[in-house]
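# Tertiary structure, described
Listed below, chain by chain, are the residues.
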Amino acid sequence: MSVSQLYTKYTKVWIPDPDEVWRSAEIIKDYKEGDKSLHLKFEDDAIYEYPVDLKTNQLPFLRNPDILVGENDLTALSYLHEPAVLHNLKVRFLESNHIYTYCGIVLVAINPYEQLPIYEQDVIYAYSGQNMGDMDPHIFAVAEEAYKQMARDEKNQSIIVSGESGAGKTVSAKYAMRFFASVGGSASETNIEEKVLASSPIMEAIGNAKTTRNDNSSRFGKYIQIGFDKRYHIIGANMRTYLLEKSRVVFQAEDERNYHIFYQLCASASLPEFKDLALTCAEDFFYTSLGGETIIDGVDDADDFEKTRHAFTLLGVKESNQMSIFKIIASILHLGNLEIQAERDGDSCSISKQDEHLNNFCRLLGVEHSQMERWLCHRKLVTTAETYIKPMSLQQVVNARNALAKHIYAQLFNWIVEHINKALHTTVKQHSFIGVLDIYGFETFEVNSFEQFCINYANEKLQQQFNSHVFKLEQEEYMKEQIPWTLIDFYDNQPCIDLIEAKLGILDLLDEECKVPKGTDQNWAQKLYDRHSSSQHFQKPRMSNTSFIVVHFADKVEYQSDGFLEKNRDTVYEEQINILKASKYQMVADLFQDEKDSVPATPTIKGAAPKISVRSARPSVKAANKEHKKTVGHQFRNSLHLLMETLNATTPHYVRCIKPNDEKLPFKFDPKRAVQQLRACGVLETIRISAAGYPSRWSYHDFFNRYRVLMKKREISKNDKKLICKTLLENLIKDPDKFQFGRTKIFFRAGQVAYLEKLRADKFRAATIMIQKTVRGWLQRVKYRRIRNAAITIQRYTRGHLARRLADHLRKTRAAIVFQKQYRMLRILHAFQKIRNATITIQAFTRGMFVRKIYHKILLEHKATIIQKHTRAWLARKHFLRFKCAAVVIQCYFRRMKARQELKKLKIEARSAQHLKKLNIGMENKVVQLQRKIDDQNKEYKHLNEQLSALTSAYSTDVEKLKKELEQYRQNRGDSNQLVNLKKEIESLRLELEKAHSERKIIEDTYDKEKDLLRKHVSDLEEENALLKQEKEDLNNRILCQSEDEFAQNTVKENFLMKKELEEERSRYQNLVKEYSRLEQRYDNLRDEMTIIKSPGHRRNPSNQSSLESDSNCPSVSTSEIGDTEDAIQQVEDVGLDKAAMDMTLFLKLQKRVRELEQERKKLQTQLEKKKSQVIETKNEMDSDRDTDLAYNSLKRQELESENKKLKNELNELRKTIVDRVTQNNSSSDIQDSYTLLLNQLKSANEELEVRKEEVLILRAQIIKEAQQKETGKNMDSNINMYTSWPNSDKHVDAEDAIEAYHGVCQTNRKTEDWGYLNEDGELGLAYQGLKQVARLLEAQLQDQRREHEEEVETLKTQMETLRDEMEKQQQAFFQTLQLPPEAQVEFGIQQEITRLSNENLDLKELLEKLEKNEKKLKKQLKIYMKKVQDFEATQATAQTERRRHELTRQVTVQRKEKDFQGMLEYYKEDEPLLIRNLITDLKPQTVSATVPCLPAYILYMCIRHADYINDDQKVHSLLTSTINGIKKVLKKHNDDFQMTSFWLANTCRLLHCLKQYSGDTGFMTQNTAKQNEHCLKNFDLTEYRQVLSDLSIQIYQQLFKIAEGMLQPMIVSAMLESESIQGLSGVKPMGYRNRSSSMVDGDNSYSLDAVIRQMNTFHSILCDQGLDPEIIQQVFKQLFYMINAVTLNNLLLRKDVCSWSTGMQLRYNISQLEEWLRGKNLQQSGAAETMEPLIQAAQLLQLKKKTSEDAEAICSLCTSLTTHQIVKILNLYTPVNEFEERVTVAFIRNIQANLQERNDPPQLLLDYKYMFPVVFPFSPSSITMDSIHIPASLNLEFLNEV
């Protein structure tokens, strides 16, 4: 491309500027070759003509397109030059607040001077395992790259952090070490990573100081090696230091401070332990007040000193050593305050003996005062002949004092570093290491001395190594891609290094001048001028003869030669050192002893080509003697060579720290300072090397996707993308040298990508113009149609209006005519009506007059008729009465005559005999009846007389009592007025009684009133309740109608909070379960390691060790593996996780305890076998006793029922008599006495009745038991045969007599006569036989007690033996302790005590668990037996009547009934391992795929049910424990098999559901059928095992998700963010060097969304095939969708390249596909779609407009599931893919932050993708009955028998 093509109108360029370094401008006129100037316009619209030199034709730098600005990698820029780099860094730092940027292999870190939330633990996890180019630049990405290459290539790594003071080197190194500590945590519990981080406060205190550029500047370099083992866990660390700035101890420039430790110690001088140091404030000491201000704003020296002391303690520095360190530091301060007095001659000086500071110096260091006073002012000169002592001048003494102070501090610094390394040292073999080099950057000041020269020399060496490494990587890349390459000319600073370190170089000449007795800095400078004046890297200043200039790679630096010799010699007089060697303090003396080369070299670095031994970089310090002492420059050169050898043997990674401004202001960018540091740190050199070759690199796929808009349709139709790209480039770029085709990539020269972007933008611009033209034409046509339609509408409405107006006129005209017609009609009608009404009125009055006349006439006639009627009636009645009286008189006379005749006839008949007979017959009957009545009345009278006599007798006795009391009262009182008084009292009492009655009546009235009021109130409340119910129904209807009602929202919110609390509680519990499984796994690993340690060769594991895996047969659950693990967890909680994980003694104790429990089990088993025979012998007796007890209970119950009925009847009769008595006699005293008398009689009768009843019951029980014992050998078919041979006083009794006797006894409960009735029918004999049986029972009890006593004696003997063994062991341990030293004895005793206490604790825990289990078991059995007894009594009561009816008449025969399969499986105890192996361990899911789902769970439950049926608790316990252990073993073996894990999750859940469904609890039996209720457990409560199975289900669920996560997580980012679901939508941008990171592997590892959906289909089909509950399947996919959401969103938040509009569109499409998949699988109710809400909102945020404040409000209202930090981060990361997209402005982001300020969002940026929702296993009963399950033969379970 020609210049005319590049420098065209609208192209932007960079112009040099003195203030901003580079300034952007736009070309306003095309440039043609030969023009003398370039017409430009700045961004402020200022016009400028840039002059062009026609000879060199040097044009300004071109600016990159805006689409490339803000890239993560500077090498992705098309134009690579200084202004492009500076602008890119500025945009990222100020607009996006991104402090990290890649520049090829270098990470550029700009200090923000503000704490950023980008270093949390979740960010570490997000970068862990990621490729370096996949995420945004970060120090964690560099650390991950180093860690990954160390693990992959097995080669040591180095991270080189450099930069000038205040750039943030130490913080970057600290974060890198924190990453290693988190990702590669220590394998042991020594917490090496914490110690490495804890060394920072100490090193900052003794090695950091305040400078003009940094308040906490490191004044030394350090290289920290972090060691890793074969598993890449941190095992130790080592620190090497370089070139401590010792001169700062004795001199500080203005506004600077000495090392922090001095000020910290002065700030804490008031503490009581530091009184002996004699310190005051820092201003009082010369060495701490040279810089002026001694306080740093915002820094508390006293608080920092406490942190330093804590760090010393953490690293194991004893308190005595700490005090010694502080004394040495205080002595240096006192040494600086010595008052040196010059003598008059000026050649000598002295120090006063009373000098307080000298006294303190000598006291603190423990040296002799006089000696130190002498040798501070004198020196010794040794010649071959003799020795001279020469006084020193004042300046020489001051120099010697300062040299001594520097030497003391340097030795102390080295001692502290050495002890830190000892604390970080490990004995474990180091496999590899990662080194972190925190070293000073290139420095240039106004006055540069020896320290700056050494620092810049080190940077020259590091820059050379950096250049060679960059060139090497470029060369490897070209060779890998098979690109022909030529030697790239890059800056080689070897000549500058030779100038410094070669023979007769600057350092050699300096050492040579130091050897000269009277060498000076001026002589040395003159030698430099003479020797190196011809060198191109050495220059002599014009105006000085004592300074020189070295041309370094970064800049020219002028060094002042003054002080070089003194600092290089670092002279300390031997006499002073010898005094310090003789110190009475051991630590002070050790500091200055001659050091031997005793430090061994570390092992050879594995994987390195040259064999390099890594040694301590601290140079050995030798005393100044006759031999030549190594100079500081020589020592520094050696340590630097050693460092370079170490770095060359490792793979380096570079971090360059940039200081953005000198004012330390947050997010302020000074271009001048930034460019200066970019030049010095080698970033621009990297750019230059990249630009010299092919800096822009594109993969064929990305190039095709990005630039296919430039291709033609027929070219795109080809299948070979490489060929398409080649054809396109050959057509577009004519110069073949501008690009090269590699194996997988296309390489471009600088500027070619910008040219392609320009062509692409032009193409898009032309397409945009075409689209705009079409759209605008369409818009105009739409506008025309809209106007035309509007005109037509207006016309239509106008015409309609006119037509309506005409119609209205016609209608009104017609209405007027109608009105006129009607009005005329009404007027005529009114006139007619007036005439008509007048006529009618006249007619009415006339007719009325005639009618009234006729009415009066008729009325008179009617009255006359009435008078006539009444007169005629009176006359007729009078006549009738006269006739009636005459007829009555005649009838009377006639009837009297007839009666007299009848009387005569009756008298004649009465005198006859027949009539008398009839009368006598009737009289006899009447007499009999009357006689009976008389008898009844006599009986009643007699009964009443008896009652009366009894009452009279009682009354008479009461009267006598009262009389006696009255006489006694009279005798006592003897007053005649007593009776009157008594009467008065009686009157008063009666009045009170009446008053009480009245009050009672009042109270009753008030009670009635209140009751009425209450009833009324209750009725009112009921009415109100009805009203409220009606209102409630109305409100419910309103709630249903109005979804936005506040009450509904509050209810939903409360439900949500309650659900959230429940979820958190579940999550907490399941995290505990997860921690339990992790600890259990760790326990297994430790046990495996112990077995490896115990057995060095290939040997069989000891049998007692395997007992941990198998379960014991002890009845207590606590002795199983579950109990052991629970105890282990309890001990872990007691001693702490960190300590218990490596406490091997604890696990050995547990093993020992398990062995003891195994022995106890064997002993119990032997005792059980012994007792089996006894149980068989006493079984018959127990059966008979049980029958006797049952008979006794039934008889007792019958007796109690009958007696209860009698007592109730008697009580009712007594109450009736009392009531009658009350009615007869109102005396309250009589009622009370009679009532108490009756109660006493009733109580005595009851007691006597109970005694007799118990005797009768005992006799009956003995009779029944004797009869059963006699009939055991005979046929038991009939009840009559049981009672045929009862003995009676040694003589035989017939069956009939025996039956009669038995019935007589049975009827005694109905008798109320005297107990002499028992003498009849031989019952006394039966009582005697009962007493004999009681004697036999007592004898059997005595035998049982004797047997128990013998067993107790045996147990006591065994206990004595165990105690004797323990005593012998304790004696042996005692003798061993006596042979140990006292300290070891104490430790051994403590250890023994701890062991004993832990064993006792285990025993007590076991006993407690056993008692709790037995208590629960007995309670359960008691409930079962009570229920059985009640059922038995009920059946016995019904069957007893039938037995009584049939026992004497017929015999019963028992027939066996054929039974069906009861859903139980029986197996022998020895077949249990075979059952577990065939059903669990060796079972494959394919074997039972064609059977009932969860068949193993059903089979296991049927086996458990049979063990419950036979009441064998050991069998239940053993089977369940073996099942759980077997499942754990299978899952551990197949820990990455999704199908196997889901299979056992389904079976474990089904077994848990079965134990619930058939537990007998009513809550779980609601859906059971009657047949299923028959299959419930009868004897055992397995609630605890249900909890264990629930915990196991949680562990399996977590393992299932872990497997699914491992399979799905690698696909997520590629499928959701990178793959093109919508073809041609995403536009790929250039990625730079990091896209070809060495961490990436060859091959296409991309996944599409279809792959994710296929994988989830596989998961879903497996889970459904295994019969897993639908609720659990929903929870699995909810968790998977949350993981997809979290991983995708986290990646989006950490990647700038995917935050674009097209990515948002792709995300929306992908999420819709996933939601469609959920609907297709009927999982939309699982809540999985809701977990994707943050990702949905992030996709919408990428697509929304981001310009106005309305857009900001819309974003804030939409993104409710995203935090403020996440929204701002996405907006900062938003990157346009095409030029027509606009960037998000800083003002818009500030607006968003202001709108979101009220939110209380959590501070974290990333989602925790490892978070797991608490899983719930809802109860899901099965409809399958146990008896319907068929066991296939393929399971090899023939030993199971169906019951």
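The structure contained in this document is the topic of the report that follows. (Residues numbered from 1 in each chain as written. Predicted model: local features only at pLDDT ≥ 70, side-chain atom pairs only at ≥ 80, totals over all residues. Heavy atoms only, no water.)

Right, let's talk about the overall build of the chain for a bit. The number of helices and strands found in the chain is 52 helices and 26 strands. Relative to its 1843 residues, the chain shows a buried fraction of 43%. Long-range pairs, those at least 24 residues apart, make up 73% of the contacts in the chain with a sequence separation of at least 6. Looking at the chain as shown, the accessible area adds up to about 105,000 Å², and 54% of this sits on carbon and sulfur atoms. (Helix = DSSP H or I, 4+ residues; strand = E, 2+ residues; numbered from the N terminus. Buried < 20%, exposed > 50% of the residue type's maximum accessible area, 1.4 Å probe, protein only. Contact = heavy atoms within 4.5 Å. Areas by Shrake-Rupley, 256 points an atom, 1.4 Å probe, with all protein chains shown as cover.)

Once that is clear, we can look at the packing of helix α41 (residues 1513-1533) against helix α44 (residues 1583-1618). Orientation of α41 relative to α44, taken along the N-to-C sense of each, is 5 degrees, at an axis distance of 12 Å. In terms of orientation, α41 and α44 fall into the roughly parallel class. Residue-level inspection shows His1517, Leu1520, Thr1521, Ile1524, Ile1527, Lys1528 and Leu1531 of α41 in contact with α44, the latter providing Tyr1585, Val1588, Leu1589, Leu1592, Gln1595, Ile1596 and Gln1599. The residue makeup of the contact of α41 with α44, split by class, is nine nonpolar, four polar and one charged. (Axes fitted to C-alpha atoms, helices over the stretch in contact; angles between N-to-C directions. Parallel < 35°, antiparallel > 145°, perpendicular 65-115°, else oblique. Nonpolar A, V, L, I, M, F, W, Y, C, P; charged D, E, K, R; others polar.)

Within a regular strand, side chains alternate between the sheet's two faces. Taken across its eight residues, strand β21 (residues 651-658) has eight buried, putting it largely inside the fold. Of the two faces of β21, the one lined by Thr651, His653, Val655 and Cys657 and the one lined by Pro652, Tyr654, Arg656 and Ile658 are each fully buried. Here five bridges tie strand β7 (residues 106-110) to β21, and the two strands are oriented parallel to one another. By the bridge assignment for β21, Ile110 is matched with Ile658. Pairing of strand β8 (residues 157-163) with β21 involves six bridges; the strand directions are parallel. Following the sheet pairing, Ile160 is matched in β21 by Tyr654. (Pairing = 2+ DSSP bridges.)

So, about the environment of Ile226. Turning to its location among the elements, Ile226 is positioned in strand β11 (residues 221-228). Using a relative accessible area of 2% as the deciding quantity, one classes Ile226 as buried. With 45 residues separating them in the primary sequence, Ile226 and Ala181 have C-alpha atoms 9.5 Å apart. Ignoring sequence-local partners within four residues, the contact set of Ile226 consists of Met177, Phe180, Ile234, Gly236, Ala237, Ser432, Phe433 and Ile434.

Before going further, it helps to spend a moment on the sheet that holds strand β12 (residues 234-242). Ordered by their spatial adjacency, seven strands build an open sheet running β6-β7-β21-β8-β17-β11-β12, and the pairing between neighbours is mixed. Two strands close off the open sheet at either side, each with one partner strand: β6 (100-103) and β12. Ignoring which end each strand starts from, the neighbouring axes of this sheet average 20 degrees apart. Both β11 and strand β17 (residues 432-440) contribute to a ladder of seven bridges, which runs antiparallel. Looking at the pairing, Phe228 lines up with Ser432 of β17. The sheet strands contacting helix α5 (residues 169-183) are β8, β11, β12, β17 and β21, and the helix crosses β17 at an angle near 165 degrees. The sheet contacts of helix α20 (residues 632-648) involve β8, β11, β12 and β17, and relative to β17 the element is tilted by about 135 degrees.

Contact geometry for helix α46 (residues 1670-1693) and helix α47 (residues 1701-1720): axes closest at 13 Å, N-to-C directions at 175 degrees. As far as their axial angle goes, α47 and α46 are roughly antiparallel. Across the interface between the two elements, Phe1677, Phe1681, Ile1684, Thr1688 and Leu1692 from α46 touch Leu1707, Leu1714, Trp1717 and Leu1718 from α47.

Further remarks concern the sheet that holds strand β24 (residues 745-748). The strand order β22-β24-β23 describes an open sheet built from three strands, whose pairing is antiparallel. With one partner strand each, in any of the chains shown, β22 (696-699) and β23 (739-741) form the two edges of the open sheet. Along the sheet, successive strands turn relative to each other by an average axial angle of 20 degrees, direction set aside. Here β23 runs beside β24; their pairing, made up of three bridges, is antiparallel. Its bridge partner being in β24, Gln740 is matched across the sheet by Phe747. Running at roughly 160 degrees to β23, helix α25 (residues 721-732) makes contact with β23 and β24 of the sheet.

This part covers a positive patch on the surface. A cluster of basic residues, Lys712, Arg714, Lys718 and Lys763, forms a positive patch on the protein surface. Of note, Lys763 is situated in helix α26 (residues 752-910). (Patch = residues over 30% accessible without salt bridge, like charges linked within 9 Å, V, L, I, M, F, W, Y side chains within 5 Å. Salt bridge = Lys/Arg side-chain N within 4 Å of Asp/Glu carboxyl O. Lys, Arg positive; Asp, Glu negative; His and termini not counted. Charge placed at Lys NZ, Arg CZ, Asp CG, Glu CD.)

Another aspect to go through is the nonpolar core. In this structure, Phe180, Phe262, Phe548, Ile1499, Met1616 and Leu1692 are the most contacted members of the largest nonpolar core, which totals 325 residues. Here the element with the most residues in this core is α44; it accounts for 18 residues. Beyond its immediate stretch of four places on either side in the chain, Leu1692 contacts Leu1617, Val1698, Cys1699, Leu1707, Ala1738, Leu1742, Ile1770 and Leu1773. (Core = buried A, V, L, I, M, F, W, Y, C linked by side-chain atoms within 4.5 Å.)

Let's shift gears to a negative patch on the surface. The grouping of Glu254, Asp255, Glu283, Asp284, Glu293 and Asp297 at the surface amounts to a negative patch. In this structure, Glu283 sits in the loop between α7 (260-267) and α8 (301-314). Classification of Glu283 as partly exposed rests on a relative accessible area of 44%.

Bringing the pairing of β12 into the picture now. Of all the nine residues making up β12, eight are buried; the element is thus mostly covered by neighbouring parts of the structure. The turn joining β11 and β12, which pair antiparallel and follow one another in sequence, is formed by five residues; a positive phi near 65 degrees is taken by Tyr232.

Applying the stated criterion to the full structure yields 46 aromatic pairs. Judged by centre distance (5.5 Å) and plane angle (90 degrees), the ring pair of Trp524 and Phe548 falls under edge-to-face. On the criterion of sequence distance, the pair formed by Trp524 in helix α16 (residues 521-532) and Phe548 in strand β19 (residues 547-551) is long-range, its members being 24 residues apart. The class of Phe548 is buried, set by a relative accessible area of 0%. Taken together, the ring pairs in this structure connect Phe450, Phe453, Trp524, Tyr529, Phe538, Phe548, Tyr559 and Phe564 into an aromatic cluster. A cation sits over an aromatic face here: Lys327 above Tyr585, 5.1 Å from the ring centre. The ring of Tyr529 carries the charged tip of Lys540 above its face, separated from the ring centre by 5.1 Å. (Phe/Tyr/Trp six-rings, centres within 6.5 Å; stacked < 30°, edge-to-face > 60°. Lys NZ or Arg CZ within 6 Å of the ring centre and 35° of its normal.)

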